[in-house]
Amino acid sequence: MQRLFNTGDGQTRLLALVYFVFGILLCFFASSILVTATRILGGCLALYGALQLYLFYAGRQKGTATGAQLCIGVATVLFGLIFVISPESLISIFPVAGAIILIVNSLIQMQKAFQLRDYGCEGWTMTLIFAVVLLVAGAIILLRPVQTASFILQIVGISLMAEAIMMFWSQHEIDKYMPRGSQES
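Computed from a predicted model, the values in this text were never measured in an experiment.

Basis of the calculations
All residue numbers refer to position in the chain's written sequence, counted from 1. Since the coordinates come from a predicted model, pLDDT governs what is reported: local features require at least 70, and pairs of side-chain atoms require 80 or more to be given and counted, while whole-chain, interface and lining totals use all residues. Side-chain metrics in this entry use all non-hydrogen atoms of the structure; hydrogen atoms and water are not considered. Counting from the N terminus, the helices are DSSP H or I runs at least four residues long and the strands are E runs at least two residues long. Think of it in three bands: residues with accessible area under 20% of the maximum for their type are buried, residues over 50% are exposed, and the middle band is partly exposed, with areas taken using a 1.4 Å probe on protein chains only. Accessible surface area values rest on a Shrake-Rupley calculation with a 1.4 Å probe, where residue burial reflects the displayed protein chains alone. The charge count includes Lys and Arg as positive and Asp and Glu as negative, but it does not include His or the ends of the chains. Charge placement uses NZ in Lys and CZ in Arg. For Asp and Glu, CG and CD serve respectively. A fitted line through C-alpha atoms serves as each axis, taken over the contacting stretch for helices, and the angle formed by two N-to-C directions is quoted from 0 to 180°. Oblique is the label for any angle not covered by the other classes, which are roughly parallel (under 35 degrees), roughly antiparallel (over 145) and roughly perpendicular (65 to 115). Take the far helix as the reference: if the near one is turned anticlockwise from it by less than a right angle, the crossing is left-handed, and if turned clockwise, right-handed. As a working rule, the residues Ala, Val, Leu, Ile, Met, Phe, Trp, Tyr, Cys and Pro are called nonpolar, Asp, Glu, Lys and Arg charged, and the rest polar, with Gly in that last group. Here, expected helix span is obtained from the residue count minus one, scaled by 1.5 Å. We call two residues contacting when some pair of their heavy atoms lies within 4.5 Å. Salt bridges, as used here, are contacts in which a Lys or Arg side-chain nitrogen is within 4 Å of a carboxyl oxygen on Asp or Glu. As used here, the term nonpolar core means buried Ala, Val, Leu, Ile, Met, Phe, Trp, Tyr and Cys residues forming a set that is joined through side-chain atoms within 4.5 Å. Think of a polar contact as two N or O atoms within 3.5 Å of one another; within protein, one of them needs to be a possible hydrogen donor and the other a possible acceptor, and neighboring residues in sequence only count if both atoms come from side chains.

Regarding the overall build of the protein
Working step 1: Helix and strand counts for the protein stand at seven helices and zero strands.
Working step 2: Along the first, second and third principal axes, the C-alpha set of the protein runs to 75 × 65 × 35 Å.
Working step 3: Looking at the protein as a whole, 26% of its 185 residues are labelled buried.
Working step 4: Entry remark: accessible area of the protein is about 12,600 Å², with carbon and sulfur atoms responsible for 73%.
Working step 5: Averaging the locations of the 10 positively and 8 negatively charged side chains of the protein gives two centres separated by 14 Å.

So, the packing of helix H3 (residues 30-62) against helix H4 (residues 67-85)
Working step 1: Packing of H3 against H4 brings their axes to within 7 Å, and their N-to-C directions diverge by 155°. In terms of orientation, H3 lies roughly antiparallel with respect to H4. As for the relative orientation of H3 and H4, their crossing is left-handed in sense.
Working step 2: Residue composition of the contact of H3 with H4, grouped by class: 17 nonpolar, nine polar and one charged.

Let's talk about H3
Working step 1: Counted at 1.5 Å a residue, the expected span for H3 with its 33 residues is 48 Å, and the 48 Å between its end C-alpha atoms agrees.
Working step 2: Among the residues making up H3, those that are buried are Ala30, Leu34, Val35, Thr38, Gly42, Ala46, Gly49, Gln52, Phe56 and Gly59.
Working step 3: Check the buried side of H3 and you find it contacts helix H2 (9-28), H4, helix H5 (87-118) and helix H7 (145-177).

Section: H7
Working step 1: Between its first and last C-alpha, H7 extends 48 Å over 33 residues, near the 48 Å set by a 1.5 Å rise per residue.
Working step 2: Of all the positions in H7, only Pro145, Thr148, Ala149, Ser150, Leu153, Gly157, Met161, Ala164, Met167, Gln171, Glu173 and Asp175 are classed as buried.
Working step 3: The inward-facing, buried residues of H7 contact H2, H3, H5 and helix H6 (124-143).

Description of the pattern of salt bridges
Working step 1: Applying the stated criterion across every chain yields a total of two salt bridges.
Working step 2: When the shortest N-O distance is used, the salt bridge between Asp175 and Arg13 registers 3.0 Å. One end of the pair, Asp175, is in helix H7; the other, Arg13, is in helix H2, with 162 residues separating them in the sequence.
Working step 3: Asp118 is the partner of Arg117 in a salt bridge, and the nearest nitrogen-oxygen pair spans 3.7 Å.

Section: the nonpolar core
Working step 1: Leu26, Ala30, Leu34, Val35, Ile91, Ala149 and Leu153 form the largest nonpolar core, which has seven residues in total.
Working step 2: When contributions to this core are tallied by element, the ones reaching two or more residues are H3 and H7.
Working step 3: Ranked by the residues each element gives to this core, the list is headed by H3, at three residues.

A short note on the side chain of Ser106
Working step 1: Considering the arrangement of structural elements, one finds Ser106 in helix H5.
Working step 2: We classify Ser106 as buried; its relative accessible area is 0%.
Working step 3: A polar atom in the side chain of Ser106 sits 2.8 Å from the backbone oxygen of Ile103.
Working step 4: When near neighbours in sequence (up to four residues on either side) are disregarded, Ser106 contacts Ala131, Leu134 and Leu135.

Observations regarding the environment of Ala139
Working step 1: Within the secondary structure, Ala139 is located in helix H6.
Working step 2: The spacing of Ala139 and Thr12 is 127 residues in sequence and 42 Å in space, taken between C-alpha atoms.

Listed below in structure tokens is the structure:
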């Protein structure tokens, strides 16, 4: 069992270096990475749709074509082209959905805070404050969805860099305190 979790010194440092590099990329190129990934996804969708359309038209001559191939082909080509031409449309879908959920939930929490006030509960102001903070956060995300997604990727990048530093430091400490004969590489 100890061997399962025991990684070599070189492996740990290499993994930490990879984390650090990806962290830097996410911190400084988050928007570019999002746009590029969306365009690649769009290209793949368009190619898959083109393949389905080809299979449909080739199958028509053999009599094996289905309407599903035509529908899937047209839909994936259209979505693929939208993602390639306007990648921000896909990038903004998830933050907008999250923002709408935040806003609706914050309004519900505001209503509950006022109900708590009506029942004489002393903690109603804290519920109201959290609801207002969530409402403001939802509004900001709704107004700037692409920037929010980019910001989240930057936070992930910072976390990866922190993890890499922790891995370097812990490996350094292990090397310092562990006897030389018992280290495995």
